[in-house]
Amino acid sequence: MAAPPVSTRSQAWVLALDERGGLVGDLRPDELEVKVGGKVRPLTELKTPAQTADMSQSWVLVFEPIRDTTTRAVAFTAAADFLTKVPDGDRVFIVARGKDSLESLMPGLTGDRAAWASAMEKVPGMLPETLTGIPKGQVGGQGFDPAAKALPGEPGGQEKLAALLAKFQNGASWAGGTMDQKGRTALDRLNLNDSMLVSSLVQISGREMATLESILDQMGSIPGPKHMIVFSRCEMDDLVHPSIRSAMNRSFTRTKGDMGGPAETATLAVRDVTIQQQRVKEKAASSGVMLYSVAGAGPNLVGNIGTIAAETGGFCFPLRSELERQFGQGIQIFGSRHLLRWSGDVSSTQPVSLEIKSKRKGIKLIAPSMVR
């Protein structure tokens, strides 16, 4: 018997901003147009942020390796500050890279703030500076059960988070890592002359991304708005640095036995990493998860996940000193979205394009670019 067709998702969470970047919370159905697979779909329901404010949201914080001591401190402090501002009723799941793979620091999503503080306190000591070992392709540690029943939270959880934040804000010596060498670039770190090294890093990156896919896949059954925030500054981010793509067209000094040369090595790396990103983006689309990246240093340097975050309806944040302020304020924006539902599902086994436009002048919409 033929397998039943897979139904395309028929809803999306959409953030609306005005020309100054302020939240817009009063869009009407007649001001929106939805196209799925290039075809206009009639809206069947539109809920404003005020109408969805009471819905529980899920937040997954993922810590990939981070090299520099100062940058690590910025990331950990911003994450701790973020956790102090998560609204009551929301749930959190924290994952951090260990020696070989990503490890969960709690069995599933939970609203226990004391558990958040306990998990976050472990991250600086366990997080490596580089992608060491051979990732397993699935999350280790306590695993991830999307249906795990959370035990009653310990009293004083918010106070424990506040104490942890105060500790993180007191210098950076506790953060680990080493100081980045000035002038050392992504090309220097990856060494495109060594094709075997780059190929190995690309494979490790693929396994790491497969682990994220496994988490996203399990998040598909979780109701309400879902967010995955990835903190990172490691080889995975170097592989998507603009200088690697530009190296595809550069002339390098060729040496005997270089197995094709740096330009060819860069071409293969860009190709394979792009495929990895596409798979993660499609998994986020099918699971209804918005991806956020805290990795790069600016608009053109957004890190591995940052390259695809906007296409899932998420954001990119530079991993620099003002992160704590920007990221802490951001939580008020992340969940303030309109919920759109439409009719006319399309049977497809592949993700299809999603295009949402506003007819109101001066409105910018941030929404996924595909659904499944």
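Residues numbered from 1 in each chain as written. Predicted model: local features only at pLDDT ≥ 70, side-chain atom pairs only at ≥ 80, totals over all residues. Heavy atoms only, no water.

> Whenever I open this one, the sheet that holds strand β4 (residues 43–47) confuses me. Can you help?
The strands making up a sheet associate through backbone hydrogen bonding, with each pair oriented either parallel or antiparallel. Sheet architecture is open: four strands sit in the order β4-β12-β1-β14, paired in antiparallel fashion. A single partner strand is all that each edge strand has here, and the edge strands are β4 and β14 (364–366). For this sheet, the mean angle separating the axes of adjacent strands, direction not counted, is 30°. (Pairing = 2+ DSSP bridges. Helix = DSSP H or I, 4+ residues; strand = E, 2+ residues; numbered from the N terminus. Axes fitted to C-alpha atoms, helices over the stretch in contact; angles between N-to-C directions.)

> Before we go on, may I ask you to explain the pairing of strand β2 (residues 32–36) in this structure?
In the case of a regular strand, side chains alternate between the two sheet surfaces. Side-chain alternation along β2 places Leu-32, Val-34 and Val-36 on a buried face and Glu-33 and Lys-35 on a face that remains uncovered. Where β2 and strand β13 (residues 352–358) come together, five bridges link them in antiparallel fashion. Bridge pairing links Lys-35 to Glu-355 in β13. Strand direction decides the pairing type here: β2 and strand β3 (residues 39–41), joined by three bridges, are antiparallel. Bridge assignment links Val-34 to a residue of β3, and that residue is Arg-41. The hairpin turn running from β2 into β3, its antiparallel successor, is two residues long, and Gly-37 in that turn takes a positive phi close to 60°. (Buried < 20%, exposed > 50% of the residue type's maximum accessible area, 1.4 Å probe, protein only.)

> Could you clarify how one ought to interpret the layout of surface pockets in this entry?
Remark: the empty space left among the atoms is shown by a probe the size of a water molecule rolled over them. Approximately 650 Å³ is the volume attributed to the largest pocket. Along the walls of the largest pocket sit 31 residues, with Asp-237, Val-240, His-241, Pro-242 and Leu-301 positioned nearest its centre. For the lining of the largest pocket, the elements supplying multiple residues, two or more each, are α5 (186–190), α7 (235–238), α8 (242–246), α9 (262–287) and α10 (303–309). Along the lines of polarity and charge, the residues of the lining of the largest pocket split into 12 nonpolar, nine polar and 10 charged. (1 Å grid on protein atoms, 1.4 Å probe; cavity = no way out; pocket = protein on both sides within 12 Å on 5 of 7 lines; lining within 4 Å. Points joined across faces, edges and corners; volume = space filled by probe spheres on them. Nonpolar A, V, L, I, M, F, W, Y, C, P; charged D, E, K, R; others polar.)

> Quick question: what am I supposed to make of the sheet that holds strand β7 (residues 102–104) here?
Taken together, seven strands build an open sheet; the order of strands is β8-β7-β6-β5-β9-β10-β11 and the sheet is mixed. Looking at strand neighbours, the two that pair on one side only are β8 (140–141) and β11 (316–317), the edges of this open sheet. With seven bridges connecting them, strand β5 (residues 58–66) and strand β9 (residues 226–233) associate as parallel partners. Within the sheet, the bridge partner assigned to Val-60 lies in β9 and is Met-228.

> Help me understand the nonpolar core in this model?
In summary, soluble globular proteins display a tendency toward joint burial of nonpolar side chains. By size, the foremost hydrophobic cluster in this structure holds 70 residues, and its most contacted members are Phe-63 and Met-228. Of the residues forming this core, the biggest block, nine residues, is contributed by helix α2 (residues 69–84). Those residues in contact with Phe-63 that lie beyond four places of it in its chain are Phe-76, Ala-79, Ile-94, Val-95, Ala-96, Arg-97, Leu-102, Met-120, Val-123, Leu-127 and Phe-231. Grouped together as the second largest cluster of nonpolar side chains are 18 residues, Leu-340, Val-352, Leu-365 and Val-371 included. (Core = buried A, V, L, I, M, F, W, Y, C linked by side-chain atoms within 4.5 Å. Contact = heavy atoms within 4.5 Å.)

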